[in-house]
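Here are the chains, one letter per residue:
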Amino acid sequence: AGGVPSTGTLNITGSTGGGGTAASDQESLGGIGGGSFWGHGAPPVNRIQNTSGSVAGITATVPGAAGSGAVLIDTTTGAAGGVGADGICAVLELF
């Protein structure tokens, strides 16, 4: 699930990322990253091949969004999920 801010005047919760899928022994799709108020998360990575291996997730570029999940095929070697993008903090000062 997306993060839940709690101390600001306007608190917007992020969305849940998508789950990965395995269409066959040699084809997998990583989960899409959770989105934020400003847009979608990182796109999923796709792995289609005849040998084992792994592909790291994609880093998010939209503020507050999450990176996508990694894909592993017939391997115990891990791969990192994509990095989430920095959030936004706006300060409103009243005089």
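Heads up: the structure comes first, above all this text.
Residues numbered from 1 in each chain as written. Predicted model: local features only at pLDDT ≥ 70, side-chain atom pairs only at ≥ 80, totals over all residues. Heavy atoms only, no water.

1. Quick notes on the overall build of the protein chain
Convention followed: Each helix is a run of DSSP H or I of at least 4 residues and each strand a run of E of at least 2, with the numbering of both proceeding from the N terminus. Whether a residue is buried, partly exposed or exposed follows from its accessible area with a 1.4 Å probe, protein chains only, as a fraction of its type maximum: under 20%, in between, or over 50%, in that order. Note on contacts: a residue pair qualifies if any of its non-hydrogen atoms lie within 4.5 Å across the two residues. What sets the accessible areas is the Shrake-Rupley method with a 1.4 Å probe; for residues, cover comes only from the shown protein chains.
Counting secondary structure elements, the protein chain contains zero helices and five strands. The N-to-C order of helical and strand elements in the protein chain reads β-β-β-β-β. In the protein chain, buried positions account for 24% of the 95 residues. Long-range pairs, those at least 24 residues apart, make up 34% of the contacts in the protein chain with a sequence separation of at least 6. Within the structure as shown, the protein chain displays about 6200 Å² of accessible surface, and the carbon and sulfur contribution to it stands at 56%.

2. Here we look at the packing of aromatic side chains
How two aromatic rings sit relative to each other is given by the distance of their centres and the angle of their planes. We apply this condition: Classification of ring pairs rests on two measures: the distance between centres of Phe, Tyr or Trp rings, Trp counted by its six-membered ring, which must be within 6.5 Å, and the angle between planes, read as stacked under 30 degrees, edge-to-face over 60 and tilted in between.
Summed over the entire model, instances satisfying the criterion amount to one aromatic pair. Ring centres of Phe37 and Trp38 lie 5.2 Å apart, and the angle between their planes is 85 degrees; this geometry places the pair in the edge-to-face category. Among the residues examined, Phe37 registers a relative accessible area of 57% and is labelled exposed. The class of Trp38 is partly exposed, set by a relative accessible area of 46%.

3. With respect to a nonpolar patch on the surface
Counted only if it meets this: In this analysis, a patch consists of residues with relative accessible area above 30% that form no salt bridge, clustered at 9 Å for like charges and at 5 Å for the nonpolar side chains Val, Leu, Ile, Met, Phe, Trp and Tyr. What counts as a salt bridge is simple: a side-chain nitrogen of Lys or Arg found within 4 Å of a carboxyl oxygen of Asp or Glu.
Together, Leu10, Ile12, Phe37, Trp38 and Ile88 make up a nonpolar patch on the protein surface, roughly 570 Å² of accessible area in all. The topology assignment puts Phe37 in the loop between β2 (27–29) and β3 (46–48).

4. Structural notes on the side chain of Ser28
Within the secondary structure, Ser28 is located in strand β2. Ignoring anything within four residues of it in the chain, the contact list for Ser28 reads Thr21, Ala22, Val45, Asn46, Arg47, Val71, Leu72 and Ile73.

5. As for the environment of Trp38
By the secondary structure assignment, Trp38 is in the loop between β2 and β3. As for Trp38 and Gly87, which are separated by 49 residues in sequence, their C-alpha atoms are 9.9 Å apart.

6. Looking at the side chain of Ser68
Rules: A 3.5 Å cut-off defines polar contacts: any pair of N or O atoms within that distance qualifies, except that in protein one atom must be a possible hydrogen donor and the other a possible acceptor, and neighbouring residues in sequence count only when both atoms are side-chain atoms.
Residue position: Ser68 is located in the loop between β4 (53–55) and β5 (71–73). In terms of polar contacts, Ser68 uses its side chain to reach the backbone amide nitrogen of Ile58, at 2.8 Å. Apart from residues no more than four positions distant in its own chain, Ser68 is found in contact with Gly31, Ile32, Gly33, Ala42, Pro43, Pro44, Val45, Gly57, Ile58, Gly81 and Gly82.

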